[in-house]
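Summary of the model geometry
Take a look at the letters that make up each chain.
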Amino acid sequence: MIDTEAVYRDLYRIRKVEQRIIDIYPTDAIQSPVHLAIGHESVAVAVSHGLRSYDTVFPYYRGHHWYLTRGGDLRRFWAELFGKATGCCLGRGGSMHLCDKRAGVMGASAIVAPHLPNAAGYAWAQKLKAPKMRPSGAADPVVYLLGPEPSTSEDREDLHFVH
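The text that follows walks through the structure, step by step, so that each part is easy to find. (Residues numbered from 1 in each chain as written. Predicted model: local features only at pLDDT ≥ 70, side-chain atom pairs only at ≥ 80, totals over all residues. Heavy atoms only, no water.)

Points about the overall build of the protein
Along the backbone of the protein there are six helices and two strands. Listed N to C, the secondary structure of the protein is α-α-β-α-α-α-β-α in terms of helices and strands. Sequence-distant contacts, at least 24 apart, represent 62% of the contacts inside the protein between residues at least 6 apart. Of the roughly 9200 Å² of accessible surface on the protein, a fraction of 57% belongs to carbon and sulfur atoms. (Helix = DSSP H or I, 4+ residues; strand = E, 2+ residues; numbered from the N terminus. Contact = heavy atoms within 4.5 Å. Areas by Shrake-Rupley, 256 points an atom, 1.4 Å probe, with all protein chains shown as cover.)

So this is what it looks like as C-alpha cells:
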C-alpha cells in the first residue's frame, strides 16, 4: 500500500526545492544551467513510490525530482548545484547530471535520450550477473521518456536488445 502522506511530502519538498532554485538562480550562485522539473514531479513521485529500494531509475535531463524522490541526499544535491566538491558528482555534474547510486539514481544527462542505451547496458549487466549477486526479484531499470526521445533506430534497438 502506498503511503499517501509520504507521496504528498515528496511532492511538496520537490516543489519547494524547485522554487528555491528559481529564487537563487539569478544570483549566479548556482554553477550550472538548470532544467527545472516543476510540473513533472508527480510522475517521478508516483513511480518511485511503487519501486523497491534497490530498483534503479535513469532520468532524463530534468532529474531533480527523480533524485529527490528516490532518496538522494539533499545536502549533496545543493552542494552539486553550487559546484562544491561535496556534491553528489563532486561539484562537476551540476543540475543536469545528478547521480546517487545508493538512492538508485544512475544519473541524468543534458543530451536527449542517452538514458535508453545506459539503461539497456545496465539491464544487460544485471541479466549477466550470477543470480546470487542480484537482489531477490531484481527488476528492470526504469527509464522516463519525454517527447521525441525514442524515435531513432538506435533507441528501438536498445529496447529490443535487452528484451
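So that's the structure; there's more coming.
Some details on the environment of P59
Secondary-structure assignment places P59 in the loop between strand 1 (57-58) and helix 3 (64-69). Its relative accessible area of 2% is what places P59 among the buried residues. Each C-alpha atom of the pair P59 and L98 lies 9.2 Å from the other, and the pair is 39 residues apart in sequence. Setting aside residues no more than four positions away along its own chain, P59 makes contact with W66, V105, G107, A108 and H115. (Buried < 20%, exposed > 50% of the residue type's maximum accessible area, 1.4 Å probe, protein only.)

Some thoughts on unusual backbone geometry
Its identity is not glycine, yet D28 carries a phi of approximately 70°, on the positive side. Mapped onto the elements of the fold, D28 is located in the loop between helix 1 (4-24) and helix 2 (41-49). Phi angles above zero are rare outside glycine, and L90 is one such case at about 60°. If you trace the backbone, L90 turns up in the loop between helix 4 (74-81) and helix 5 (115-128).

Some thoughts on the environment of D10
Secondary-structure assignment places D10 in helix 1. Residue D10 is classed as buried on the basis of its relative accessible area, which comes to 13%. The spatial distance from the C-alpha of D10 to the C-alpha of H49 is 9.7 Å, given a sequence separation of 39 residues.

Focus: helix 1
Look at helix 1: 30 Å from first C-alpha to last across 21 residues, which is about the 30 Å you get at 1.5 Å a residue. Considered for burial, the residues of helix 1 that qualify are A6, V7, D10, I14, V17, E18, I21 and I24. Axial view of helix 1: buried residues confined to an arc of 130°, hence all on one face. In helix 1, the exposed positions that point more than 90 degrees away from the buried face belong to T4, E5, Y8 and D23. At its buried positions, helix 1 is contacted by helix 2, helix 3 and helix 4. With a side-chain oxygen lying 3.1 Å from the backbone nitrogen of E5, the N-terminal cap of helix 1 falls on D3. (Expected span 1.5 Å × (residues − 1). Arc of directions from axis to C-beta. Polar contact = N/O pair within 3.5 Å; in protein donor to acceptor, adjacent residues only side chain to side chain.)

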